[in-house]
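# Secondary and tertiary structure notes
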Amino acid sequence: MPVYKAPVANTAFILQDVLRISDYADLPGFADVGEDTLVAILEEGAKLFENEWAPTNRDGDVQGCTRHADGRVTTPESFKAAYRAYCEGGWLGISVPEEFGGQNLPSTVNTVMQEFASSANLALAMYPGLTMGAVAALLVHGSQAQKETYLPKMIDGSWSGTMNLTEPHCGTDLGMIKTKAVPNGDGSYAITGTKIFISAGDHDLTENVVHLVLARIEGAPAGTKGISLFVVPKVLVNEDGSLGEKNPVSCGSLEHKMGIHGNATCVMNYDGAKGWLVGEENRGLAAMFVMMNEARLAVGVQGLAISEVAYQNAVAYAKDRLQGRALTGPKNPDGPADPIIVHPDVRRTLMTIRAINEAARALILYTALKSDVRHRSPDPAARQAADDFMGLLTPVVKGVFTDLGFDNAVKAQQMFGGHGYVEEWGMSQFVRDARITMIYEGANGIQAMDLVGRKLAKDGGRAVMSFFQEVGAFCEGAKADPEMAPYVGPLAEGLGRLQQATMWFMNNAMAKPDNAGAGATDYMHLFGLVAMGYMWGRMAKAALAKKDAPGMADTLVVGRFYMERLMPETAAQLARISAGADTTMALSADAF
């Protein structure tokens, strides 16, 4: 059975030494996570996910979810106790305002817990994850009555939440939505339509499921301008807060999926179900994007999480599996062979995964800190800068880290040889579970186009220019330290290539948009490599400042590996971007 140990030490190093979370102590909630308290929270969360959640992961994959003849949907039996332990510990509402039963700790801490939970059991983690996305949307756009009705029960885990966008005939193009909303005359609407691919759409972990549903009010404008958002509970709520009669919303079927078998992915049927408008008429997409952006960042965390747990198991196997002899002579002379971790190609694979994981963790937590600044800072300029950063980095975090998460799961599986292809070792599940992260919440090609087509030019390029300035200033400030040379030189080169690629788009994509489309994915990954390289520069600087502390020497080695072996890929990406779209678009459709 696979093993998992939460990366508490690395997470604490990133938060405390690299990102200096103590510098944010004046923001609401941050004073409650001093150095000792933070470590205690991380360790307590680690115990939950290692001991209560990880053992259920295999159950979820083998047993899956079941839709019964009477329409009920049940989850794997072991999920229930694990979910209850999570809720009873207060983890679901850790970063939510105290007004609704939360603890108001930084959302950065919740992001850490999302990683730990998703490594331990991705399918189970999706249930509270979707709930928190719905909570975020209601906090921003819900009425006071809606907040008071739904949030306390969602935050304590008694009720869960979903997002309902996709329909059988449309996915990314939400302007084609057909689900309709007809006013009932009492302030509510009758919602009719079918939604597909609804994660956690129905299940037995909670007594109610609160759906956020995109629909079109009769007479609304065509396209995305006519979409509204509605809150539609599975069970109607009485005025006193108790549960009333069943709403006519049901799970028509469960999708039979490649992975995440323990999560109920439903076809949801709305047959005149009663719903209430969230926010303004015809402004539903803006309201739903609060949830979608939260979800996209969370999916990036899932990519890291699968990469981390797959890496841990590959390392354990490589240390144990005896096969062949080291090229430089036996390292296990009393045994029949050496452990495969002595082989350079095995080490190359493991070092690649580790170098990506630690940089990805740092960038995700840096982005999470920006989210806290955006929501909690009293300084409008700081909030705007943080919002710019998050808007720019969201497609990078989602697209790059899920692409790499899947690649790394495959690399880790490869370490097992034929055993990696056998279900009992668990590596197949990591590969299958990781695959969906590249697809849902906006397929990664869409993320790349969002970055190139919208985010670069937004506000006259303010966000990307600020990023260039930040990384450039770091390189300039660190180049005087000779110990930083192995990190600063390659980072500066990568930054230069990213700037060249950005300029190339400015000069060649306006008149010929296909140039942007053909180079978007390479650009997203080029951006990701540089952003992770920036994190490695900061981690190296922090490690050098305490280089005699345990683990810091290893950190510096892994950082050098990243700069030597991964950062050079930016040159190939720049070359592909600069090649343009001519050959990509030259063949007719019939020639494929």
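Structure shown above.
## Description of the overall build of the protein
Broken down by element type, the protein carries 18 helices and 11 strands. Whereas a compact globule of 592 residues would reach a radius of gyration of roughly 25 Å, the protein reaches 24 Å, a difference of no more than 12%. Considering only C-alpha atoms, the protein reaches an extent of 80 × 60 × 60 Å along its principal axes. Put simply, the protein has 592 residues, and 57% of those count as buried. Partitioning the intrachain contacts of the protein with sequence separation of at least 6 by distance along the chain shows that 73% fall at a separation of at least 24. With 51 positive and 66 negative side-chain charges, the protein shows a spacing of 4 Å between the two charge centroids.

## Quick look at the packing of helix H2 (residues 35-53) against helix H4 (residues 77-88)
Where H2 meets H4, the closest approach of the two axes is 10 Å, and the angle between their N-to-C directions is 165°. Of the possible angle classes, the one that applies to H2 and H4 is roughly antiparallel. The element H2 and its partner H4 pack so that their crossing is right-handed. On H4, the residues touching Leu48, Phe49, Glu52 and Trp53 of H2 are Ala82, Ala85 and Tyr86.

## Remarks on the pairing of strand E5 (residues 189-199)
Within E5, 8 of the 11 residues are buried, which leaves it mostly tucked inside the rest of the structure. Sheet topology note: the strand E4 (residues 180-183)/E5 ladder contains 4 bridges and is antiparallel. The partner of Lys180 across the bridge, within E5, is Thr192. Connecting E4 to the antiparallel partner E5 that follows it, the hairpin turn spans 5 residues, and Gly185 within it adopts a positive phi of roughly 90°.

## Thoughts on the environment of Cys87
Within the element layout of this structure, Cys87 appears in helix H4. The spatial distance from the C-alpha of Cys87 to the C-alpha of Val213 is 25 Å, given a sequence separation of 126 residues. Ignoring anything within four residues of it in the chain, the contact list for Cys87 reads Leu92, Asp156 and Gly157.

## Some details on the pairing of strand E11 (residues 265-278)
By the bridge criterion, 9 bridges tie E5 to E11 in an arrangement that is antiparallel. Each bridged residue has a counterpart across the sheet, and for Lys195 the counterpart in E11 is Met268. Both strand E7 (residues 228-233) and E11 contribute to a ladder of 3 bridges, which runs antiparallel. By the bridge assignment for E11, Val231 is matched with Trp276. Bridging between strand E10 (residues 249-254) and E11 involves 5 bridges; their strand directions are antiparallel. Bridge pairing links Leu254 to Cys266 in E11.

## So, the pattern of salt bridges
This structure, assessed with the given rule, holds 29 salt bridges. Here Asp204 ties to Lys80 by a salt bridge, and the two come within 3.0 Å at their closest N and O atoms. With Asp204 in the loop between E5 and strand E6 (208-217) and Lys80 in helix H4, this pair connects stretches of sequence that are 124 residues apart. For Asp204, a relative accessible area of 27% gives the class partly exposed. By relative accessible area, which is 18% here, Lys80 ends up buried.

## Describing the nonpolar core
Judged by nonpolar contacts, the single largest core of 196 residues is most densely connected at Trp53, Leu212, Phe467, Tyr523, Phe527 and Met532. The residues touching Tyr523, leaving out its near neighbours within four places in the chain, are Leu451, Val452, Leu456, Val464, Leu498, Ala501, Thr502, Phe505 and Ile577.

The rules behind the values
- Residues numbered from 1 in each chain as written.
- Predicted model: local features only at pLDDT ≥ 70, side-chain atom pairs only at ≥ 80, totals over all residues.
- Heavy atoms only, no water.
- Helix = DSSP H or I, 4+ residues; strand = E, 2+ residues; numbered from the N terminus.
- Rg over C-alpha atoms; globule rule 2.2 N^0.38 Å.
- Buried < 20%, exposed > 50% of the residue type's maximum accessible area, 1.4 Å probe, protein only.
- Contact = heavy atoms within 4.5 Å.
- Lys, Arg positive; Asp, Glu negative; His and termini not counted.
- Charge placed at Lys NZ, Arg CZ, Asp CG, Glu CD.
- Axes fitted to C-alpha atoms, helices over the stretch in contact; angles between N-to-C directions.
- Parallel < 35°, antiparallel > 145°, perpendicular 65-115°, else oblique.
- Left-handed = near helix turned anticlockwise from the far one by under 90°.
- Pairing = 2+ DSSP bridges.
- Salt bridge = Lys/Arg side-chain N within 4 Å of Asp/Glu carboxyl O.
- Core = buried A, V, L, I, M, F, W, Y, C linked by side-chain atoms within 4.5 Å.

Taken by themselves, the reported measurements are silent on function.
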